[in-house]
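Structure at a glance
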Amino acid sequence: MRPVRIAVAASALCLAALTGCSHTGGGPSPSPSASAPSASAPGNARTRIVIKDFAYQPATLTVRPGTKITVVNEDSAPHTVTATGAGKPFDTGNLEQGQSAVITAPTKPGSYPYICTVHPYMKGTLTVR
């Protein structure tokens, strides 16, 4: 493994560990699952989309304008999170296995469908309100 890939993998693991520790409520921290229909991020909190088993987890995400969203590829294939609407307000570019990227939710409220440009059957929706 090249030094750059090691650094990227280490950064992704650190980010995943830090993001997983941000839960402030009582009881165990909720974990994303394929059966979860949606997730929300209060304020400008950082939230995540995990790509696993050729699916987005969660596939529907509701956030406030300007929220930072970490996208993590836990799959064996490369993937993207690319908005399909006018102006394509966000795009992670290709993420290889273990890589992550941060996108910023649009500032205008609305529904923003997205796909994986490598696997267009993978679909999700980002709702900004």
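Presented here is an overview of the structure given in this document. Just so you know, these numbers come straight off a predicted model, no measurement behind them. Along each chain, the written sequence defines residue order, and numbers are assigned to residues from 1. Whole-chain, interface and lining totals are the exception, using all residues; otherwise, since this is a predicted model, local features are given only for residues with pLDDT of at least 70 and side-chain atom pairs are given and counted only at 80 or more. Based on all heavy atoms of the structure, the side-chain values leave hydrogens and waters out of the count.

Strands are runs of DSSP state E lasting at least 2 residues, helices are runs of H or I lasting at least 4, and numbering of each runs from the N terminus. Per the secondary structure count, the chain includes one helix and nine strands. Listed N to C, the secondary structure of the chain is α-β-β-β-β-β-β-β-β-β in terms of helices and strands. Whether a residue is buried, partly exposed or exposed follows from its accessible area with a 1.4 Å probe, protein chains only, as a fraction of its type maximum: under 20%, in between, or over 50%, in that order. Every one of the 129 residues in the chain was classed for burial, and the buried ones make up 33%. Should any heavy atoms of two residues lie within 4.5 Å, those residues are considered in contact. In the chain, the share of contacts with a sequence separation of at least 24, taken over all contacts with a separation of at least 6, comes to 48%. Surface summary for the chain: the accessible area is close to 7,300 Å², and the carbon and sulfur share equals 58%. What sets the accessible areas is the Shrake-Rupley method with a 1.4 Å probe; for residues, cover comes only from the shown protein chains.

Two strands make a pair as long as DSSP finds a minimum of two bridges between them. Taken together, four strands build an open sheet; the order of strands is E3-E2-E5-E7 and the sheet is mixed. Across the chains shown, the open sheet's two edge strands, defined by having one partner strand only, are strand E3 (55–57) and strand E7 (100–104). Within this sheet the neighbouring strands show an average axis-to-axis angle of 25°, counted without direction. Relative to E7, strand E5 (residues 68–73) runs antiparallel, the two sharing five bridges. Here an axis means a line fitted to C-alpha atoms, over the contact stretch when the element is a helix, while the angle between two N-to-C directions is reported on a 0 to 180 degree scale.

A few words on the pairing of strand E8 (residues 110–115). Pairing of strand E6 (residues 82–83) with E8, which is carried by two bridges, proceeds in the antiparallel orientation. Of the residues in E8, the one forming a bridge with Thr 82 is Ile 115. As paired elements, E8 and strand E9 (residues 123–128) share six bridges and run antiparallel to each other. Bridging across to E9, Ser 111 finds its partner in Thr 127.

Topologically, Leu 61 is positioned in strand E4 (residues 60–63). Looking at Leu 61, the relative accessible area reads 1%, which means it is buried.

Attention shifts here to unusual backbone geometry. A cis geometry characterises the amide bond from Gln 57 onward to Pro 58, with omega recorded as 0°. For Lys 88, which is not glycine, the phi torsion reads 40° and is therefore positive. Within the secondary structure layout, Lys 88 lies in the loop between E6 and E7. The class for Lys 88 is exposed, based on a relative accessible area of 51%.

Time to look at the pattern of salt bridges. One side-chain nitrogen of Lys or Arg within 4 Å of one carboxyl oxygen of Asp or Glu is enough to make a salt bridge. Evaluated as defined, the whole model comprises one salt bridge. Notably, a salt bridge pairs Arg 48 with Glu 74, separated by 3.9 Å at the nearest N-O pair. Of the two residues, Arg 48 is situated in strand E2 (residues 47–52) and Glu 74 in the loop between E5 and E6; the sequence distance between them amounts to 26 residues. Here Glu 74 falls in the partly exposed class, since its relative accessible area comes to 40%.

Moving on, we come to the packing of aromatic side chains. Aromatic rings from Phe, Tyr and Trp, taking only the six-membered ring of Trp, are treated as a pair when their centres fall within 6.5 Å; an angle between ring planes under 30 degrees marks them as stacked, one over 60 as edge-to-face, and anything in between as tilted. Applying the stated rule across the entire model yields two aromatic pairs. Ring geometry for Phe 90 against Tyr 114: centres 6.1 Å apart, planes inclined by 70°, an arrangement best described as edge-to-face. Of the two residues, Phe 90 is situated in the loop between E6 and E7 and Tyr 114 in strand E8; the sequence distance between them amounts to 24 residues. Counting every residue linked through ring pairs, the aromatic cluster contains Tyr 56, Phe 90 and Tyr 114.

Here, nonpolar core means buried Ala, Val, Leu, Ile, Met, Phe, Trp, Tyr and Cys residues that are tied together by side-chain atoms lying within 4.5 Å of each other. Membership of the largest hydrophobic core comes to 20 residues, with the highest contact counts inside it found for Tyr 56, Ile 69, Val 81, Phe 90 and Leu 126. Elements supplying a minimum of two residues to this core: E2, E4, E5, E7, E8 and E9.

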